[in-house]
Every structure is written in C-alpha cells, then in structure tokens.
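These are the residues of each chain, in order.
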Amino acid sequence: MKMAAEEPQAKKPKLEQNQLSENVLFGMGNPLLDICAVVDKDFLDKYGLKPNDQILAEDKHKELFEELVKRFNVEYHAGGSTQNSVKVAQWMIQSPYKAATFFGCIGTDKFGEILKNKTEEAHVDAHYYEQSDEPTGTCAACITGDNRSLVAHLAAANCYNKEKHLDLEKNWKLVEKAKVYYIAEAASLAREQGFETEDIKEIAQKAQALPKVNPKRQRIVVFTQGKDDTIMATENEVTAFPVLDSDQSEIIDTNGAGDAFVGGFLSQLVYDRLLTECIRAGHYAASVIIKRSGCTFPEKPDFH
C-alpha cells in the first residue's frame, strides 16, 4: 500500500547574515527643528546677528523664529547633534526602516508636530517626551550668500524627564532592544581631565586609558578634526586616518560634518564591522553632507 506523499513544508525565509532588526541603534539628546531660509541683511541687523556665526538665542531673539517663517521661504529639517547622527545612520543603513531610535523632549506645538513629521520622513523611530511648559527647540539657519548665521533656542530640549518617559515600560523596552547606544555630547576633554597637552594623538591615548566601569570591553576613542586626519586610539595603538579629499569649490556647509561622521560610523558599528570600516563610512557620510546645505542627504547613499 502506497502512502500519500506529505506536502513539503514551506521553509521559513532565513534572515540574511547582515540583516538588522528594528531599534538596533539608540540615540538620546537635544532635538531641534532646523528652520533654514535665505534672508536679507536687514533681518540680520534687526536681531544683531553676524553673517557667519553660531549663538544661543537670547530674549531679543524670541520673535526671530516666527518672523523667519512668516517673511521667508523656509525649509524644515530634524536637527540637534545626536538626532542628526541617528538620522544619518538610518540613511546609511536604509533597511529596515526604524533601525534607529531617538529619545528627546519637544513641546506640544506646531514646531513639535513638524519635527515629528520630519523624523518620520527620515524613517527614524522617534519617541519624544512632550510637555507644554517650553516650546519645541529650534535652530534658525539664516543664510546670506555663502554665510550661515545659526541661532539655537534649546527650550524644550532641556526639559527631558527620565521618570515620565525613559522609565515607562514601553520606552525602556526600546532601550533594551538596542545593541549600540549613542548619548554623548562632545566636551573639552583635555581641559576637563587636566591632560596638559594639545597633541591630539596624546589626548586620544590618555582618554582611552581613563578608568572604565565595565572592564570587559576596552574603550575606543575616535577624534575628528575637520579636514585633518581622524584619530583612533585603542588599547594598543593610536592610528591616523586621512579624510576623503573634497574639491573646495563643492563644499557648501561644514556644520553637520561631525554629526554625519558619527552617523556613518554608527551605521557600520551596528553590524559589528571593523573599526576601520566604521571610520571609512564616517568619512563618506561627512563628505556627502558638506556638499549640501544643512545636515541633509540624497535619497540613497553610494557607499560600498
């Protein structure tokens, strides 16, 4: 008697070896809505702005942001250093969407709604703590010719409440899903630590050797220096990596270069790739961003 042949079971598709899961990268920092516009000299003069400068907003700048929107043709971008880096990392990763998560604080206002839309467009899984005491943080980029005068109003960005947001179970689960975390804001490390040297390689070496809570993983220190070599210090050596050559005539805006480098670096770190490859990706991302206005990028990266 012949037995009926069993239907072959459909095989479950295997995950590609390098396929990432959602929320593998976690970033936390000060979210700002970048508001960019070409303005005139009268506008700069009215608010006491220099053509090429970066300042924190004072009381006299309170009306600047609304006037910028009303008087000029503005572009909005999700900004703030950490959010820029997370956004660039997601762009480099491409798939899956929401590989990158971001936490920060915004206001319950129209700028907050625009910021949420902009992070969604960038496919970043942003979860903001929303409060009504302070407005959403903004950064006005007032462009005249080749100059950019930046005015940052941190506002709500400074109001993050750990107990009311990070500690919530649904949010903490996103933290636990991540494999790579980026929460650092750069500081004047050498002066803070009393290193008594201005040699960047020596500073990197000393920073790498600072005491560490978790001894199981050695600290890696990476310093960028604009157009000069990127320096990486491990336990055993300090290495310099030249940045990609760029035609000076193609450079439009270098403000987002450091954030872009971090984003490119993180996009490979989540794959556990070699640190040299992470730095190569960082240099690539920075080279793209400096040829555009603001921390923006084309639809897809050309990094192989």
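Structure report, in brief. (Residues numbered from 1 in each chain as written. Predicted model: local features only at pLDDT ≥ 70, side-chain atom pairs only at ≥ 80, totals over all residues. Heavy atoms only, no water.)

1. Thoughts on the overall build of the protein
Right, so step 1: When you go through the protein residue by residue, the secondary structure sums to nine helices and twelve strands.
Right, so step 2: Overall, the protein is about 95 × 50 × 45 Å in size when its C-alpha atoms are taken along their principal axes.
Right, so step 3: Split into buried and exposed, the 304 residues of the protein put 45% on the buried side.
Right, so step 4: Taking the contacts inside the protein whose residues are at least 6 apart along the sequence as the reference set, 70% of them involve residues at least 24 apart.
Right, so step 5: Accessible area for the protein stands at about 17900 Å²; split by element, carbon and sulfur atoms hold 49% of it. (Helix = DSSP H or I, 4+ residues; strand = E, 2+ residues; numbered from the N terminus. Buried < 20%, exposed > 50% of the residue type's maximum accessible area, 1.4 Å probe, protein only. Contact = heavy atoms within 4.5 Å. Areas by Shrake-Rupley, 256 points an atom, 1.4 Å probe, with all protein chains shown as cover.)

2. A word on unusual backbone geometry
Most peptide bonds adopt trans geometry, and most residues besides glycine take a negative phi value.
Right, so step 1: Across the junction of S95 and P96, the peptide omega takes the value 5°, indicating a cis bond.
Right, so step 2: Not every positive phi belongs to a glycine, and K98 is a case in point at roughly 65°.
Right, so step 3: Tracing the chain through its elements places K98 in the loop between α3 (81-93) and β5 (100-107).
Right, so step 4: Taking the relative accessible area as the measure of exposure, K98 reaches 38% and is therefore partly exposed.

3. A closer look at the environment of K116
Right, so step 1: Along the polypeptide, K116 turns up in helix α4 (residues 110-121).
Right, so step 2: Classification of K116 by relative accessible area gives partly exposed; the value is 25%.
Right, so step 3: Residues within four places of K116 in sequence aside, it is in contact with I106, Y128 and E130.

4. Overview of the pairing of strand β6 (residues 125-131)
Right, so step 1: Judged from the seven bridges that link them, β5 and β6 form a sheet pairing that is parallel. In the strand pairing of β6, C105 is matched with Y129.
Right, so step 2: In this view, the connection linking β5 to its parallel neighbour β6 by way of α4 has right-handed handedness. (Pairing = 2+ DSSP bridges. Right-handed = clockwise from strand over helix to strand, strands pointing away.)

5. Focus: the sheet that holds strand β8 (residues 147-153)
Right, so step 1: The five strands lie next to each other as β3-β8-β7-β2-β4, forming an open sheet whose pairing is mixed. Pairing within the sheet leaves two strands with one partner each, and these edge strands are β3 (53-56) and β4 (75-79). If you compare each strand with its neighbour and ignore which way they point, the axes differ by 20° on average.
Right, so step 2: Across five bridges, the pairing between strand β2 (residues 32-38) and β4 is antiparallel. Note that in β4 the partner of L32 across the bridge is G79.
Right, so step 3: Across the sheet, α3 lies against β2 and β4, angled at about 95° from β4, the strand it touches most.
Right, so step 4: Its contacts with the sheet put α4 on β2, β4 and β7 (138-144), and the angle it makes with β4 is roughly 75°. (Axes fitted to C-alpha atoms, helices over the stretch in contact; angles between N-to-C directions.)

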